[in-house]
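The lines below spell out each chain.
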Amino acid sequence: MEALRPTSVEDLCAIVAESREPLEIRGGGTKALVGAPNAARVLDMRGLAGVIDYDPAELVITLRAGTPLRKVTELLAANGQHLPFEPWDHAPLFSKPAGEATIGGVIAAGVAGPRRVTAGGARDHLLGLTAVTGRGEVLVAGARVVKNVTGYDVPKLFAGSWGRLGAMAELTLKVLPAPRETATLAIAGLGPRAAQAAMAAALGSPHGVCSAAHLPQTFDRAGPHTLLRFAGFAPSVTARCAGLEATLAAHGALIRLPEDYADRLWAEITVPVPLDGPVLWRLALPPSEAPALAERFEADGARWFMDWGGGLLWLEWEDEAGMDPAEVRAVAEVARGHAMLLRAPEALRRSVPAQHSRLAALMALEGRVRAAFDPAGVFETGRWLDV
Amino acid sequence: MTIQMPAPDQTVLARRSEIVAALARIVPGEGVVSDEPSLRAFESDGLTAYAQLPMVAVLPETVSQVAAILRYCSDNGIKVVPRGSGTSLSGGALPLADGVLLGMGRFNKVLRIDYADRIAVVQPGVTNLAITRAVEGEGFYYAPDPSSQIACSIGGNVAENAGGVHCLKYGLTTNNVLGVELVLIDGTVLRLGGEALEPAGLDLLGVVVGSEGLLGVVTEVTVRILSKPATARALLMGFPDAKSAGNAVAAVIGAGIVPAGMEMMDRPAIHAAEAFVHAGYPLDVGALLIVEVDGPEAECDHLAEVIGAIGRENGAGLVRASTSEAERMAFWAGRKAAFPAVGRISPDYYCMDGTIPRRQLAHVLARIEQLGDECGLKVANVFHAGDGNLHPLILYDRDKPGELDAAEEFGNAILRLCVEVGGVLTGEHGVGIEKRDLMGEMFTETDLEQQQRVGRAFDPQALLNPGKVFPMLHRCAEMGRVHVHNGQTRFPELPRF
Ligand SMILES: Cc1cc2nc3c(=O)[nH]c(=O)nc-3n(C[C@H](O)[C@H](O)[C@H](O)COP(=O)(O)OP(=O)(O)OC[C@H]3O[C@@H](n4cnc5c(N)ncnc54)[C@H](O)[C@@H]3O)c2cc1C
């Protein structure tokens, strides 16, 4: 079936209002293989592209949702700014070339990279939006200024909603000056527990570490490396590195990695292409729970690494069968976390919901909130196996 | 006093003694307050021009009591107004004559601190500053710092999405809260968010923060705590006028710097503050900027130098960097005391809270002055310059006939101006009752209906804090499309409550 491709908010309204079948909102389609396969008609948002307003000194950018992410980051970089939550393109995780992801797609999926641990996520940077709800109505929520508490913070609901409330047509995002310099210090040879403790000490220190990840030997053949990153002005980065070396002395020797090597590692941490098996999980956890889970899953054949100081644990099974998904989720739950099945063979995706389920009362409330935006279920494609 | 509250439901008032007795069964002992002198303690919040005695106040101590109270009120169609410390500046905690006031002050315990995971789990009645006090021994603090932080509760902060002078760099409440326990009006107890950085499903926590007590009652809060920066340094810079100060602010950001705080005061605010706390502010300047940087000492030195140079390039006659912690505190003393300082030079003042795109600052200040001249009222401005959040303080005397109304009218005109230049009605104080009737300036009927539909998903009968946030006709029209334009309703003959 041919995709619908609106080129204006009016178009989009008409399409949604007239639709008699479920619609799957799609940007670059880079995350189309997340969740259960479905037959919904594709609503291609890439016809709504381009920047509407950008005055760097205001620290906000307003743009159409179908604008390619790459264009956005390039424009910001040309003005010495960036999106601090480090949104990234999922395409390489599904063996597709990067470059197609749209800003609307990364916001709708709540995508964030390593710096999320200190800089906040997509939700923290989405200030306002214009969307067409399942009712076929134009909704304006939030605002175009950095600080606003007027009315309910509806944009927070849209960030990470995976298109289940409405189709975002325009977004206003908070942007910040890009750091002038970065540096990465590494400790070699730590096991998961010692590594997580070092990351906690670093993130809990006054030295302003911006990202902290741990790569075991199975990820990085150069050996286990615990990586601690700094970003800022040169004098600051130098002082922070020196300060952290002293603070972490008991955890091991810190070596400063060559920048190009470090950049490559952070790129792989952001888009974990090296975890290339068929089943890929993403666990959000209280950071100190991560090492025990890593050990537990490694014993069951998983490869893994930790980001966000342990708050994010990536797991991959080389073997199609992987591990019983119910078991993965039970373990995550005991650790007060949750597990998203980000990549899996089709058969698995048909039976296992991509998102971790919530308690019944919470699921019911989420359902009522979704119905408030989309009572007829125009955007309910069956992808989440939870209705 | 132009703001009207919903007319009390006489059938509820007629059942008052029965309701008091039922609440006393749920919260025994001193937990139910029903005599008038004691109820006076709850009649106002920080928007002191408005006062209303609640029908009854109840002060629960446990989550199951909160759940039982709410379930009872829900079953009996009784309105509930949650209250923390009562410092809201928008009337968010103003009681209702036919409503139960639910005071959360007894939820005052810090439950758990986990330094390794950098979180604190606290009850909602714990004050903002008490969180920092509980963790500072280990070198940590809770970043959002509203000026009311000694008094305001974290529950109130969550409800209002409170900010502070450091929120440009460290975020508002919403960026520093990981989870809450929330009790819905039907007594359901839920956990939204938790200890992980993101939720498994919809980000309901995101919409609960800043919902002004309309979606549920917060009974526990998990916040992020941060390691205290090694050093902080403040710069005091005096400019001939607001325009040059505004240019300096834009240039600081243009230089890639996100200061920990960046505050501006205009001449009347400077004079009031200096007379009150003797902070050493220059009196011959048109605008004062306080810029704070924090981090390792080397970073502070470097940034202070760059910012000082930017200040001078933009016309600052005076540039002073703090050389000691005492001096830094002195620079802040005047700014932090700006509200009470203004309170000394005028019998009453009315604090506005719009946000504007910063590039509009000079225009907006000039228009405010002009509007003030037109209605014969003076105004002092303090400004969170980094994020464009403007606090004009309108000076008036409520004992002079008509001045309160004039001040409110002036305030409304300022807020309309903020929206007109691309900004918003409120940057951190919330809509409450105060800006309720101005919501139509920023949102269409559809937008407001959609927000209220979200509300109905949590609270189908709209019993939690009614009369706040949304224009009253919206609340009563049961989601029908009632268009109010220039005060004219479509069905004027229909009764509305
Ligand atoms: C001098 C002064 C300075 C101020 N400075 C600042 C500032 O710098 N920045 C800023 O953002 N604000 C400031 N404020 C405003 C005010 O302090 C904040 O809005 C604060 O968050 C209110 O907290 P509270 O505990 O007093 O809440 P209250 O005033 O008691 O209640 C505020 C709202 O929260 C709801 N509520 C309270 N507790 C709960 C709960 N447990 N569950 C659900 N809903 C609840 C109430 O229903 C009400 O709608 C200032 C106020 C004063 C008086």
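Residues numbered from 1 in each chain as written. Chains lettered and ligands numbered in written order. Predicted model: local features only at pLDDT ≥ 70, side-chain atom pairs only at ≥ 80, totals over all residues. Heavy atoms only, no water.

Draft legend 1. Main features of the interface of chain A and chain B. The interface is formed by 71 residues belonging to chain A together with 87 residues belonging to chain B. Overall, the association of chain A and chain B removes approximately 6,500 Å² of surface from exposure, summing both partners, and the carbon and sulfur fraction of that is 59%. Its largest share of buried area at the contact with chain B, chain A owes to Lys147(A), Val149(A) and Tyr152(A), together 15% of the area lost on that side. Taken together, the links from chain A to chain B amount to ten salt bridges. Looking at the side of chain A that touches chain B element by element, the count peaks at nine residues for helix H13 (residues 360-373) of chain A. (Contact = heavy atoms within 4.5 Å. Buried area = accessible area lost by both parts, 1.4 Å probe. Salt bridge = Lys/Arg side-chain N within 4 Å of Asp/Glu carboxyl O. Helix = DSSP H or I, 4+ residues; strand = E, 2+ residues; numbered from the N terminus.)

Draft legend 2. Here's a closer look at unusual backbone geometry. Residues and elements named next belong to chain B. Backbone geometry at Asn-161 places phi at a positive 50°, although glycine is not the residue there. Considering the arrangement of structural elements, one finds Asn-161 in the loop between helix H6 (154-160) and helix H7 (167-170). Even without being glycine, Ala-462 reaches a positive phi, approximately 50°. Among the secondary structure elements, Ala-462 is positioned in the loop between helix H17 (445-458) and helix H18 (472-476).

Draft legend 3. Representation of the domain arrangement of chain A within the structure. All names here are of chain A. You can read the domains of chain A as domain 1 (9-177), domain 2 (181-270) and domain 3 (279-351). If you average the C-alpha positions of domain 2 and of domain 3, the two centres end up 23 Å apart. Taken residue by residue, the interface counts 14 residues in domain 2 and 14 residues in domain 3. Summed over both sides, the interface between domain 2 and domain 3 buries roughly 1,300 Å², with carbon and sulfur atoms accounting for 60% of that surface. The largest share of the area that domain 2 buries against domain 3 comes from Pro-192, Arg-193 and Gln-196, three residues that together contribute 39% of it. Linking domain 2 with domain 3 are one salt bridge, by the criterion used here. Here Glu-295 ties to Arg-193 by a salt bridge, and the two come within 2.8 Å at their closest N and O atoms. Our count for the contact surface shared by domain 2 and domain 3 stands at seven residue pairs in polar contact (both at pLDDT 80 or more). Contributions of two or more residues to the side of domain 2 that touches domain 3 are made by helix H7 (192-203), strand S11 (211-215) and helix H9 (259-270). (Domains from an automatic or database assignment. Polar contact = N/O pair within 3.5 Å; in protein donor to acceptor, adjacent residues only side chain to side chain.)

Draft legend 4. Spatial organisation of the nonpolar core. Core analysis: the biggest nonpolar cluster contains 207 residues, and Ile107(A), Leu283(A), Leu289(B) and Phe458(B) have the highest contact counts within it. The element best represented in this core is helix H15 (residues 403-420) of chain B, accounting for eight residues. If we ignore the near neighbours within four places in the chain, the residues touching Leu289(B) are Leu235(B), Leu236(B), Met237(B), Phe239(B), Ala245(B), Ala248(B), Val249(B), Met262(B), Glu263(B), Met264(B) and Ala385(B). One finds Ile19(B), Leu70(B), Ile78(B) and Val100(B) within the second-largest nonpolar core, a separate group that totals 27 residues. (Core = buried A, V, L, I, M, F, W, Y, C linked by side-chain atoms within 4.5 Å. Buried < 20%, exposed > 50% of the residue type's maximum accessible area, 1.4 Å probe, protein only.)

Draft legend 5. A look at the site of the ligand. Residues and elements named next belong to chain B. Around the ligand, the structure places 32 residues, and the nearest of them are Pro-82, Gly-86, Thr-87, Ser-148 and Ser-153. Separating an oxygen atom of the ligand from a side-chain N or O atom of Thr-87 is a distance of 2.6 Å. Gly-163 is positioned such that a nitrogen or oxygen atom in its backbone is 2.9 Å from an oxygen atom of the ligand. About the coverage of the ligand: the protein hides 93% of its 980 Å² of free accessible area. At the level of secondary structure, the elements contributing two or more residues to the shell around the ligand comprise strand S3 (79-83), H6 and strand S10 (217-224). (Near = heavy atom within 4 Å. Areas by Shrake-Rupley, 256 points an atom, 1.4 Å probe, with all protein chains shown as cover.)

Draft legend 6. Representation of the sheet that holds S3(B). All names here are of chain B. The strand order across the open sheet formed by four strands is S1-S2-S4-S3, and the pairing between neighbours is mixed. Each edge of the sheet is formed by a strand with only one pairing partner; in this case those strands are strand S1 (32-33) and S3. In this structure, S3 lies alongside strand S4 (residues 99-103), joined through five bridges in parallel fashion. Residue Arg-83 lies in a different strand from S4, and its bridge partner there is Gly-103. Lying on the sheet, helix H4 (residues 63-76) is in contact with strand S2 (56-58), S3 and S4; it crosses S4 at an angle near 170°. (Pairing = 2+ DSSP bridges. Axes fitted to C-alpha atoms, helices over the stretch in contact; angles between N-to-C directions.)

Draft legend 7. Representation of the pattern of salt bridges in the model. As enumerated under the stated definition, the model contains 56 salt bridges over all chains in all. Measuring nitrogen to oxygen at the nearest pair gives 3.6 Å for the salt bridge that ties Glu198(B) to Arg116(A). Taken together, the residues Glu198(B) in the loop between strand S9 (189-193) and helix H8 (204-208) and Arg116(A) in helix H4 (residues 116-119) connect one chain to another. Arg116(A) carries the same exposure label as Glu198(B), and that label is buried. For Asp348(B), the salt bridge is made with Arg398(B), and the minimal N-O distance between the two is 3.6 Å. Of the two residues, Asp348(B) is situated in strand S16 (residues 348-351) and Arg398(B) in the loop between strand S18 (389-396) and H15; the sequence distance between them amounts to 50 residues. By relative accessible area, which is 14% here, Asp348(B) ends up buried.

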